[in-house]
Amino acid sequence: EEEGAYLAGVAAGMLTLDESVANINADKIIGVVGGDVDPVINAFIYAYENGAHSVDPEIEVQKVSLGGAWDDAARAKQATLQLYDQGADVVFQVAAGAGLGVLQAAAERELYAIGVDTNQNDIEPGHVPASDIKDVGKAIQDVYAAIADGSYTAGEVLVYGLESGGVDLVTEAQTPVLPEAIEARIDELRQQIVDGEVTVELYDGRDVWQ
């Protein structure tokens, strides 16, 4: 989770500072809507915040939890509208199906939201600059392939990050949003993480909601 979410934080951080982009305000504020307070969502938020702060330590990350309402898109939309009212202009959705409400709010306010899990960049064209994808299918395919060829080891922990293609930040869209400079920085940083030149800090259990 951390490597993809870190890139999402960098993208959001650079976008909120770029007032050449339509409707980006002067405030250094971005947001995130999480489906619940749990270790997985906390890891996303931790890395997202770290990514944004690598761009500018003064960027404020406003956070809202849906309290387990994973399928309540209306609640997620309202939470996102509140974040926009507080000055955020980019909001990361980490809320599964409810997160569609985050994207809807972005379109309604003519602002921006970052998708999660799958490529959601064309759901609300022109308002989803990137999506933090997670290829769970690849992990499943690899395990079954290992069973088939006899190389499977029971109890082995498999780690899928940017290098293996298990996670990534995708920016391709029918209506691109990110300026070329931000796209280029994301590409550069992705390669630096894969090459080991940049290490993304893993979530350490701290309270990310303060």
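Conventions we followed
Residues numbered from 1 in each chain as written. Predicted model: local features only at pLDDT ≥ 70, side-chain atom pairs only at ≥ 80, totals over all residues. Heavy atoms only, no water. Phe/Tyr/Trp six-rings, centres within 6.5 Å; stacked < 30°, edge-to-face > 60°. Salt bridge = Lys/Arg side-chain N within 4 Å of Asp/Glu carboxyl O. Helix = DSSP H or I, 4+ residues; strand = E, 2+ residues; numbered from the N terminus. Buried < 20%, exposed > 50% of the residue type's maximum accessible area, 1.4 Å probe, protein only. Pairing = 2+ DSSP bridges. Axes fitted to C-alpha atoms, helices over the stretch in contact; angles between N-to-C directions. Contact = heavy atoms within 4.5 Å. Core = buried A, V, L, I, M, F, W, Y, C linked by side-chain atoms within 4.5 Å. Parallel < 35°, antiparallel > 145°, perpendicular 65-115°, else oblique. Left-handed = near helix turned anticlockwise from the far one by under 90°. Right-handed = clockwise from strand over helix to strand, strands pointing away.

Colleague: Quick one: what's the story with the packing of aromatic side chains, residue by residue and with numbers?
Modeller: Enumeration according to the criterion identifies 3 aromatic pairs in this entry. Three or more aromatic residues link up through ring pairs in this structure, and these residues are Phe 44, Tyr 48 and Phe 92.

Colleague: A description of the pattern of salt bridges should follow, citing residues and the corresponding values.
Modeller: For the coordinates displayed, the defined rule picks out 11 salt bridges. The salt bridge involving Glu 49 is made with Lys 63; its shortest N-O contact spans 3.2 Å. Placement of the pair is Glu 49 in helix 2 (residues 39-55) and Lys 63 in strand 2 (residues 60-65), with a sequence separation of 14 residues. On the basis of relative accessibility, which here comes to 17%, the residue Lys 63 falls in the buried class. Counted as one network, the salt bridges with shared partners bring together Lys 28, Asp 56 and Glu 58.

Colleague: Give a detailed account of the sheet that holds strand 4 (residues 112-117), specifying residues and quantitative values.
Modeller: Taking strand neighbours across the sheet as the criterion, the 6 strands line up as 2-1-3-4-5-6 in an open arrangement whose pairing is mixed. The open sheet terminates on both sides in strands that have one partner only, identified here as strand 2 and strand 6 (167-170). Across the sheet, the axes of successive neighbouring strands diverge by a mean angle of 20°, strand direction being ignored. Sheet topology note: the strand 1 (residues 29-34)/strand 2 ladder contains 6 bridges and is parallel. Looking across to strand 2, one finds that Gly 31 is bridged to Gln 62. Sitting on the sheet, helix 2 is in contact with strand 1, strand 2, strand 3 (90-94), strand 4 and strand 5 (131-134), with an inclination near 170° to strand 1. Where helix 3 (residues 73-85) meets the sheet, it contacts strand 1, strand 2, strand 3 and strand 4, and its direction lies at approximately 165° from that of strand 1.

Colleague: Mind laying out the nonpolar core, listing which residues take part and the relevant values?
Modeller: Counting 41 residues, the largest nonpolar core has Leu 15, Ile 30, Tyr 48, Val 90 and Phe 92 as the members making the most contacts within it. Contributions of two or more residues to this core are made by helix 1 (2-16), strand 1, helix 2, strand 3, strand 4, strand 6 and helix 6 (180-194). Setting aside chain neighbours within four positions, we find Phe 92 in contact with Ala 5, Ala 8, Gly 31, Val 32, Val 33, Phe 44, Tyr 48, Ile 114, Gly 115, Val 116 and Asp 132. Residues Ala 76, Ala 79, Val 91 and Val 102 belong to the second largest nonpolar core, which totals 20 residues.

Colleague: Quick one: what's the story with the packing of helix 1 against helix 6, residue by residue and with numbers?
Modeller: One way to put it is that helix 1 packs onto helix 6 with a least axis distance of 10 Å and a crossing angle of 155°. By the angle between their directions, the pair helix 1 and helix 6 is classed as roughly antiparallel. In this structure, the crossing between helix 1 and helix 6 has a hand that is right-handed. Every residue of helix 6 that contacts helix 1 at Glu 3, Tyr 6, Leu 7, Val 10, Ala 11, Met 14 and Leu 15 is listed here: Ala 181, Ile 182, Arg 185, Ile 186, Leu 189, Arg 190 and Ile 193.

Colleague: Before we move on, could you go through the pairing of strand 3 and cite the residues and values that matter?
Modeller: Of all the 5 residues making up strand 3, 5 are buried; the element is thus mostly covered by neighbouring parts of the structure. Side chains of strand 3 alternate between two faces, with Val 90, Phe 92 and Val 94 and Val 91 and Gln 93 buried alike. Summarising the sheet, strand 1 and strand 3 pair through 4 bridges and their orientation is parallel. If you follow Gly 34 over to strand 3, its bridge partner there is Val 94. In terms of strand pairing, strand 3 meets strand 4 through 3 bridges, oriented parallel. Bridging from a neighbouring strand, Val 91 pairs with Ala 113 of strand 4. Traced from strand 3 through helix 4 (residues 100-109) to strand 4, the parallel crossover comes out right-handed.

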